[in-house]
Amino acid sequence: MTMSSESLVARSARSNSIGQQLERVFGRDFRVAWLFFLPTALLLGGLIAYPVFNAVYLSLHVAVGPTVGRFVGLDNYIDLWDDPMFRESVFLTARFTFFSVFFKFWLGLAAAVMLHQRIKFRNVLTALVLLPWIVPEVVTALAWRGIFDPVFGGLNNALLTLGLVDKGIAWLGTPELALPAVTAVNVWKGIPFFAVTLLAGMKSIDSEQYDAAAVDGASAWRRFIHITLPGLRYVIIVCTLLSTIWTFNNFGIIYLLTGGGPGGSTRVYTILAYEALAGLRYSFSVTVALAMAPFLGVIIFVLGRYMMTNNQRVDEGGLASTIVSAITWPVRMVGTVLGFVFGVVNNAVEDVLSGMSRVLSRGQPGGAFSQRTSKRASRAALYACLSALVAFELFPFYWVIITAFKTGDQIRTFRSIFWPEPFSLDNFVYMLQERPFMLWMQNTFSVALVATFIAILASSLGAYAIVRMRWRGQGPISTIILIAYLIPGVLLIVPLFQILVWLKLVNSLGALMITYPTFTLPFATWMLMGYYRAIPEELEEAALIDGCNRFQAFFRIILPLIRPALLAVALFAVTGAFNEFLMAFVFTTSEQYMTVGVGMAKMVIGDIFPFGPMSAGAIMMAIPVIILYTFAQRVMVEGLTAGSVKG
């Protein structure tokens, strides 16, 4: 008995020693952490990591359709840069991205500044400004395609009515105008993202700074330059980088508006990759997508440095910081020079204006009256600018609504262009009776709910493991998740299609239910990481002291506290599923399995565009998303700004 007891004690000691060594190598909580993170790891590995590696493999071979031929090494990349069509697509993508992000930032900043003022109905106006960001891409494309139409469009008819043009302009059919028109649509849809995030950033700036500056005699402009902009520095960087990546990878809006035409004038790199995919040139398609990886990698790397643990920049020093510093040095130098020049010019102009104001007001009575008049004029200008912004953001919705209630004869004969006369429900009846619209909606909801459930289940566990536990690799994994979220969908299409063929799921709802987590899961995980960090760790420590294990502490203590976060994630996942077009367009071909976006897109045959029925469908498609947003506006805005205003 004594020998047996000693043997058990020895084995126990060795076991404890091995466990301690493993904990020193892999981290204190590595066992339970990997149990939490396992669902996320399996999904990320199967749906993103494997497809990416498979795409790299295909790019090194000659692959035509499912047939993978000989190994060619880097020849595909060398040949690609010798292809004038590819070089032109890169140039178009760069132009589209630069001008889109430039105007989105400045207009979004202007919107945020106006909405930050103490004005009536500010919450309502904020909701209206945010509306273009949440509606599905198909609705956006339909609205603007109708507005830009050279014959029936609202823009040309408005210009003709005002006498500014003498004939209709083919905005989307002229090579010189197509890219600017598509850029304008992207700007329209992207303004709300900048407006809401920058508005949240402004609210986080200490108001005492403004009060102190006002007491010192600083004008509103000087307070904006020296307090607001420096206080928004982090938010501006994050928003601009995210918007750059999203815009650079844009496919749906451009494809639905122009299909890459006319004459390739809007054939950005994602359109080029899709055209190669449609032609079964698999290796060319993935090579096009991977050729953009260095540019995207630099942006993602810099972005990751701003969105690290606790949403703060990491300490300076080390190889990563050196790389970031070297990469961003030219941009920082240009920014420094431009900032210095702007400061000098701005100070000189302000001094001149201040001097002129003092000269004009010297000896003039009624200073208080003049001050009140100035405030009223400023208030009037504020409301005028805000009204113009809201009108710009809402006009496409107005155009879709009035078109939906017009008869086909009224549309063809240009009667009462800006108002239905008479009101008609024919278009709604056609979509509900002659088209399987309700089946498309049912398919969309089914896919959205399943993909959202998978994303929430895996992300809530995975994000908790990354934020709350100590295990080796959690830092790099959090960056990998950010990278996974920003990977262009066109890169994953070919490998995912091959996986679906192997699983015999092509042309089924199951194909979309499996593949949609490629964009919902990384986003949900990253968002929940920000929410978990806001919960005090003392709550879990108290539960563990009381005898709970990690799973009990998570389900009993933490999960009830993040219900608003889970709702925000669910809403964004559902709206993301409604927005998704590329995967649904490629993976489903039968009408019975189409989502509503794909079904409506395929109603367009050549140049025949049924504006009335499609406008009715767009309204019915947008209503569920708007209802979800209306009842959960607060959590959606919080979710949109989560992590963007901290640090």
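Along every chain, residues carry numbers that run from 1 in the direction the sequence is written. Only residues with pLDDT of at least 70 are given local features in this predicted model, and only at 80 or more are side-chain atom pairs given and counted; all residues enter the totals for whole chains, interfaces and linings. Side-chain measures were taken over the full set of non-hydrogen atoms in the model, leaving aside hydrogen atoms and water.

Here we look at unusual backbone geometry
Let me state the cut-off plainly: Here a strand is any run of E in DSSP of at least two residues, a helix any run of H or I of at least four, and the numbering for each starts at the N terminus. A simple rule labels every residue: compare its accessible area, found with a 1.4 Å probe on the protein chains alone, to the largest value its type can have, and call it buried under 20%, exposed over 50%, or partly exposed in between.
Put simply, Gly261 and Pro262 share a cis peptide bond, and its omega is -5°. Among the structural elements, Pro262 can be located in the loop between α12 (252-257) and α13 (269-278). The phi dihedral of Lys504 falls on the positive side, at around 60°, and the residue is not glycine. By the secondary structure assignment, Lys504 is in the loop between α22 (489-503) and α23 (509-515). A relative accessible area of 77% means that Lys504 is categorised as exposed. Notably, Asn507 is not glycine yet its phi reads approximately 60°, a positive angle. Within the secondary structure layout, Asn507 lies in the loop between α22 and α23.

Topic: the packing of helix α4 (residues 84-115) against helix α11 (residues 233-248)
Under the convention used in this document: Fitted lines through C-alpha atoms serve as axes, helices being fitted only where they are in contact, and the angles separating the N-to-C directions of these axes extend from 0 to 180 degrees. By definition, any crossing whose near helix is turned counterclockwise from its far helix by less than a right angle is left-handed, and any crossing with a clockwise turn is right-handed. Contacts between residues were defined by any pair of non-hydrogen atoms, one from each residue, lying within 4.5 Å. Three classes are used: nonpolar for Ala, Val, Leu, Ile, Met, Phe, Trp, Tyr, Cys and Pro, charged for Asp, Glu, Lys and Arg, and polar for all others, with Gly counted as polar.
Running from N to C, α4 and α11 point in directions that differ by 145°, and their axes come no closer than 9 Å. For the pair α4 and α11, the sense of crossing is right-handed. Residues Thr93, Phe96, Thr97, Ser100, Val101, Lys104 and Phe105 of α4 form the contact with α11, whose participating residues are Ile236, Thr240, Ser243, Thr244, Thr247 and Phe248. Split by residue class, the contact of α4 with α11 holds 5 nonpolar, 7 polar and 1 charged.

Some remarks on the environment of Phe99
For Phe99, the position within the fold is in helix α4. You can call Phe99 partly exposed: its relative accessible area is 40%. Along the chain, Phe99 and Thr183 lie 84 residues apart, while their C-alpha atoms are 7.2 Å from each other. If sequence neighbours within four positions are ignored, Phe99 has contacts with Thr183 and Val187.

A closer look at the nonpolar core
Threshold: To form a nonpolar core, buried Ala, Val, Leu, Ile, Met, Phe, Trp, Tyr and Cys residues must be joined to one another through side-chain atoms within 4.5 Å.
Trp471, Tyr532, Phe587 and Met600 are the most contacted members of the largest nonpolar core, which totals 189 residues. In this structure Phe587 touches Ile493, Leu496, Phe497, Leu500, Val506, Asn507, Ser508, Ala511, Leu512 and Thr515, once residues within four positions along its chain are discounted.

Some remarks on the environment of Ala291
Relative to the assigned elements, Ala291 resides in helix α14 (residues 282-291). In this structure Ala291 comes out as buried when scored by relative accessible area, which is 12%. Considering only alpha carbons, one finds Ala291 and Tyr269, 22 residues apart in sequence, at a separation of 9.7 Å. Here Ala291 is in contact with Tyr77, Leu80, Trp81 and Phe86, once residues within four sequence places are set aside.

Considering helix α6 (residues 137-148)
What counts, and what does not: Expected span of a helix: the number of residues minus one, times 1.5 Å.
With 12 residues, α6 extends 16 Å between its outermost C-alpha atoms, agreeing within 8% with the 16 Å of an ideal straight helix rising 1.5 Å per residue. Counting buried positions over the 12 residues of α6 gives 11, a clear majority of the element. Restricting attention to buried positions, one finds in α6 the residues Glu137, Val138, Val139, Thr140, Ala141, Leu142, Ala143, Trp144, Gly146, Ile147 and Phe148.

As for the layout of surface pockets
The condition that has to hold: Both cavities and pockets are sets of points on a 1 Å grid over the protein atoms alone; in a cavity a 1.4 Å probe fits but cannot get out, in a pocket the set is open with protein on both sides within 12 Å along at least five of seven lines, and lining residues sit with an atom within 4 Å of a point. Grid points are joined across faces, edges and corners, and a volume is the space filled by probe spheres set on the points.
In this model, the second largest pocket occupies a volume close to 1200 Å³. In terms of lining residues, the second largest pocket is bounded by 25 residues, among which His116, Gln117, Tyr210, Ala220 and Arg223 are the most central. For the lining of the second largest pocket, the secondary structure elements donating two or more residues are α4, α8 (175-203), α9 (207-215), α10 (220-231) and α17 (367-404). In terms of residue class, the lining of the second largest pocket is made up of 12 nonpolar, 7 polar and 6 charged.

As for the pairing of strand β2 (residues 67-71)
Threshold: When DSSP finds two or more bridges between a pair of strands, those strands are recorded as paired.
In terms of burial, β2 is a largely surface element, 0 of the 5 residues being buried. Relative to β2, strand β1 (residues 61-64) runs antiparallel, the two being bridged by 3 bridges. By the bridge assignment, Ala63 is partnered in β2 with Val68.

With respect to empty space enclosed by the protein
What the rule picks out here adds up to 4 cavities of 30 Å³ or more. When its volume is computed, the second largest cavity comes out at roughly 110 Å³. Contributing to the lining of the second largest cavity are Gly146, Phe152, Gly153, Trp399, Thr403, Lys406, Gln410, Ile411, Phe414, Arg415, Ile417 and Phe611. Taken together, the residues of the lining of the second largest cavity sort by class into 6 nonpolar, 4 polar and 2 charged.

Things to note about the confidence of the model for the chain
The condition that has to hold: The pLDDT value tells you how sure the predictor is about a given residue, anywhere from 0 up to 100.
Confidence along the chain averages 79 in pLDDT terms, with 81% of residues attaining 70 or more. The spread of mean pLDDT over the elements of the chain runs between helix α31 (residues 633-641), the lowest at 54, and α4, the highest at 91. Here residues 309-317 is a poorly scored stretch, pLDDT under 50, and it has 19 contacts once near neighbours within four places are set aside; other chains count. Confidence drops under pLDDT 50 across residues 640-647; counting only partners more than four residues distant or on other chains, this segment forms 25 contacts.

Description of the packing of aromatic side chains
The description of two aromatic rings rests on the distance between their centres and on the angle between their planes. Under the convention used in this document: Pairing of aromatic rings covers Phe, Tyr and Trp, the last counted by its six-membered ring, and requires centre-to-centre distances within 6.5 Å; plane angles under 30 degrees mean stacked, over 60 mean edge-to-face, and any other angle means tilted. Charges are assigned to positions over rings by a cutoff of 6 Å between ring centre and Lys NZ or Arg CZ, combined with an angular limit of 35 degrees from the ring normal.
By the definition in use, this model includes 39 aromatic pairs. Three or more aromatic residues link up through ring pairs in this structure, and these residues are Phe98, Phe99, Phe102, Phe103, Phe105, Trp106, Phe193, Phe194 and Trp246. The side chain of Arg281 reaches across the aromatic face of Phe284, ending 4.2 Å from its centre.

Some remarks on the side chain of Ser89
Here is the rule we go by: Here a polar contact means two N or O atoms within 3.5 Å. Within protein one must be a hydrogen donor candidate and the other an acceptor candidate, and residues neighboring in sequence count only if both atoms are side-chain atoms.
Residue placement: Ser89 occurs in helix α4. Separated by 2.6 Å, the side chain of Ser89 and the backbone oxygen of Phe86 make a polar contact. Excluding residues that lie within four positions of it along the chain, Ser89 makes contacts with Arg267, Val268, Tyr269 and Leu272.

A word on the pattern of salt bridges
Close approach of charged atoms allows side chains with opposite charge to pair. Just so we agree on the cut-off: Just to be clear on terms, a salt bridge is a Lys or Arg side-chain nitrogen sitting within 4 Å of an Asp or Glu carboxyl oxygen.
Taken as a whole and assessed by the stated rule, the structure comprises 1 salt bridge. A salt bridge links Glu275 to Arg267; its shortest N-O distance comes to 3.0 Å. According to the relative accessible area criterion, Glu275 is partly exposed, its value standing at 31%.

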